[in-house]
Amino acid sequence: MKITKEKLSDIREEYEEAHRLIDEESKNDPPTEPFRSHYTARDVLHGALRTVKMLVETLDPLSDTASTVRCIQANIIKDIAKITTFVEEPHGATLLKEALELIENDRAKEQAINVRIEILNQLGIMECNHSNFAESKQFLDEAKDLYLEAKEMQLEPLTMADLFGTKDEVEKGKGSTLLESNHTLTLYYLAQVFGFLEDLAESARYCHMTLKRQLEYNQYEHIDWALNAATLSQYYFPLNYLKQARHLLAAGTFILNKYETDIVEKITNPDERAEKEETLRYRMADIGRCWGKYGLHILVTSKERLCANDDDDDDADAGGNVDKPKEPPLSPVKTIDRFVGLDLAVYENQVTDEFCLTFDDAKLVMLNSLSWLNKAKEYYTQETEASQYAKILQDIASLYGHLAFFEEDDGNQCKLYKRSADQLEEIVESLNPTYYQTICREAWYQMGLIYSNMLNVKLSQLDEMQANDRPTPHVLNKINQLCEKSIRNFKKFIESYKVPLDTLILPDKIEEDDMKPILYAFFHIGRLYYRIITPDKRLKLRNTEESLFFHSRFVACTQDERMQPLFAQEQSVCKEMISLLPLKIEKLKREMTEG
């Protein structure tokens, strides 16, 4: 039996009415009935489905016409399943599998390709949402394979609108455009699934493929695309794919600027424009923070590379096994998969994709990151986003601290450390540690390390000074101030874990990840007390006893089998101090008695 256009017109009208209800009417649904239009649309689709089922019964199952009607039926069931899931009712997956089974024998036909891929994509999403990631991947892989088969066979897939019309009414190219759009969604969902399966390399690869296809087919939302590109860069630069990471950040920045010129600046409604401008500021601040992280990674890894080279040289000079094969040096990976059609030179040329060897190299990287982070602070202010503002200050502090490594002049190095500490001081002065405990803990610990680093620089200067002259009281006072600042911050860090300073007994509930920095704080405080310079023997005795106490508690706490392998070098130093300090204490007591 041949189906006339008129026989399908009623079904088409009901199908289009259902989508009008979903796309338009649902925006006006009251809060008390949030799914009203969706329920009505589902009822309309059920009516269309009954008509289609009656029509199918009149057809030869093997005919091309029957195949077309089955695909219409599968599309309707798919849409009912989507509504069922949207209104938070069960059985959505059951309906989708029913639709899939309905067109199983039509899988290689042009009218079935798009609807089958759409059903498989929906099943993949549902399984992923239920944490069934292996099952989700199976559905999505099948969708991907179906797309590849259609491309290899050069098929011309059809849209739902094409299914309602005659062959002469098929809109050329619409079905192929829909196929590409569906495949882009398949790749996007696969990227998510690989992430949940902890295959981060494949997740990143599929995410990049998705971004490229969205650009190629001009099917993207500017804000989402830019954020996804910037987020993807955070995967690549820790692996030292600096060129790829920089390219992604540049592309994200380019698209956000395009959003401003192509969309925001053309909006005439003041309220709507203000809303879009606020979104732009928000997301540009986020991408600015990603640029900041990129530069910080370059500085951190550059420092690690240079320190690793120094260690290798020391091993060779000490007569170590120089024939032992070394690990390959950390080098930036030059591999890059570029986006086509984006002029990114102005963004990419602002910062290097190489590691730094000199202070001048590092300073350029640092200043670029600092510029981006300062822009981010204009959106994330202390008054409106205290925690995010504090995290930006932490990154700025790290920039100054790591730049100090490359500075050869002692005075300038201390100035950089001081600027780093100033950022962290602002955090602890402005935040209530009760509500922002984690951030304050990190700031206290980092300040303890920074003031300790400044102390090392000052002690090095003191050694040089004592070779030629007697140190001034100002110099000695500065050294003691740094000791006290470092001790004070380390103690605040320790106290935040409810560790009593008079016993240093660790509570039972401290996590293993927290144990390591706490014990390092013990170690640092023990060394710092010993470094305080004073002619007052009473103070010297007290400081030496404090040093012994913290060294002893460090050794006692690191006997824990979880901690022992992590502190082998520090344990050796502390055990030596524990054997020497009692002698020092007895000597001081004798001198005080004799005096």
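Scope of this entry: the structure provided in the associated data block. (Residues numbered from 1 in each chain as written. Predicted model: local features only at pLDDT ≥ 70, side-chain atom pairs only at ≥ 80, totals over all residues. Heavy atoms only, no water.)

Brief notes about the packing of aromatic side chains
Quick note on the threshold: Any Phe, Tyr or Trp ring, taking Trp's six-membered ring, that has another such ring centre within 6.5 Å forms a pair; planes under 30 degrees apart are called stacked, those over 60 apart edge-to-face, and the others tilted. The secondary structure listing takes helices from DSSP runs of H or I that are at least 4 residues long and strands from runs of E that are at least 2 residues long, numbered from the N terminus.
All told, the structure shown has 27 aromatic pairs when counted by the stated rule. Between Tyr-282 and Tyr-379 the ring centres are 5.3 Å apart and the planes differ by 20°, which places this aromatic pair in the stacked class. In this pair, Tyr-282 is assigned in helix α12 (residues 270–317) and Tyr-379 in helix α14 (residues 359–379), connecting sequence segments 97 residues apart. Chaining the aromatic ring pairs together yields one cluster made of Phe-237, Trp-291, Tyr-294 and Trp-372.

Some points on the packing of helix α4 (residues 92–102) against helix α5 (residues 110–129)
Our working definition: Each axis is a line fitted through C-alpha atoms, taken for helices only over the stretch in contact, and angles between the N-to-C directions span 0 to 180 degrees. Every angle not falling under 35 degrees, over 145, or within 65 to 115 is termed oblique; those three ranges are roughly parallel, roughly antiparallel and roughly perpendicular. Here a crossing is called left-handed whenever its near helix is offset anticlockwise from the far helix by less than a right angle, and right-handed whenever the offset is clockwise. Residue contacts follow a heavy-atom distance rule, with two residues in contact if any of their heavy atoms lie within 4.5 Å. Note on residue categories: nonpolar means Ala, Val, Leu, Ile, Met, Phe, Trp, Tyr, Cys or Pro, charged means Asp, Glu, Lys or Arg, and polar means any other residue, Gly included.
Where α4 meets α5, the closest approach of the two axes is 10 Å, and the angle between their N-to-C directions is 155°. Looking at the two axes, α4 sits roughly antiparallel to α5. In terms of crossing hand, the pair formed by α4 and α5 is left-handed. Contacts from Gly-92, Ala-93, Leu-96, Lys-97, Ala-99 and Leu-100 in α4 reach Arg-116, Ile-119, Leu-120, Gln-122, Leu-123, Met-126 and Glu-127 in α5. Broken down by class, the residue content of the contact of α4 with α5 amounts to 8 nonpolar, 2 polar and 3 charged.

Some thoughts on helix α16 (residues 410–430)
An α-helical segment advances 3.6 residues per turn. Residues three or four places apart therefore align on the same side. We apply this condition: To estimate the expected span of a helix, count its residues, drop one, and scale the result by 1.5 Å. The buried label applies to any residue whose accessible area, calculated with a 1.4 Å probe on protein chains only, is under 20% of its type's maximum; exposed applies above 50%, and partly exposed to all values in between.
With 21 residues, α16 extends 30 Å from end C-alpha to end C-alpha; this agrees with the ideal 30 Å at 1.5 Å per step. Listed in full, the buried residues belonging to α16 are Gln-413, Cys-414, Leu-416, Tyr-417, Ser-420, Ala-421, Gln-423, Leu-424, Ile-427 and Val-428.

Description of the nonpolar core
Applied cut-off: Residue types Ala, Val, Leu, Ile, Met, Phe, Trp, Tyr and Cys, when buried and joined through side-chain atoms within 4.5 Å, form a set referred to as a nonpolar core.
Counting residues in hydrophobic clusters, the biggest one holds 123 residues, and the most contacted among them are Trp-225, Tyr-294, Leu-506, Leu-519 and Phe-522. Other than its neighbours up to four places away in sequence, Leu-506 contacts Val-499, Met-515, Ile-518, Leu-519, Phe-522 and Cys-557. Ala-18, Val-44, Ile-77 and Val-87 belong to the second-largest nonpolar core, a separate cluster that totals 48 residues.

Side note on the environment of Ser-387
Position of Ser-387 among the secondary structure elements: in helix α15 (residues 386–406). Ser-387 sits 26 residues away from Gln-413 along the chain, and the two C-alpha atoms are 29 Å apart. Look past the residues within four positions of Ser-387 in its chain and what remains in contact with it is Tyr-436 and Ile-439.

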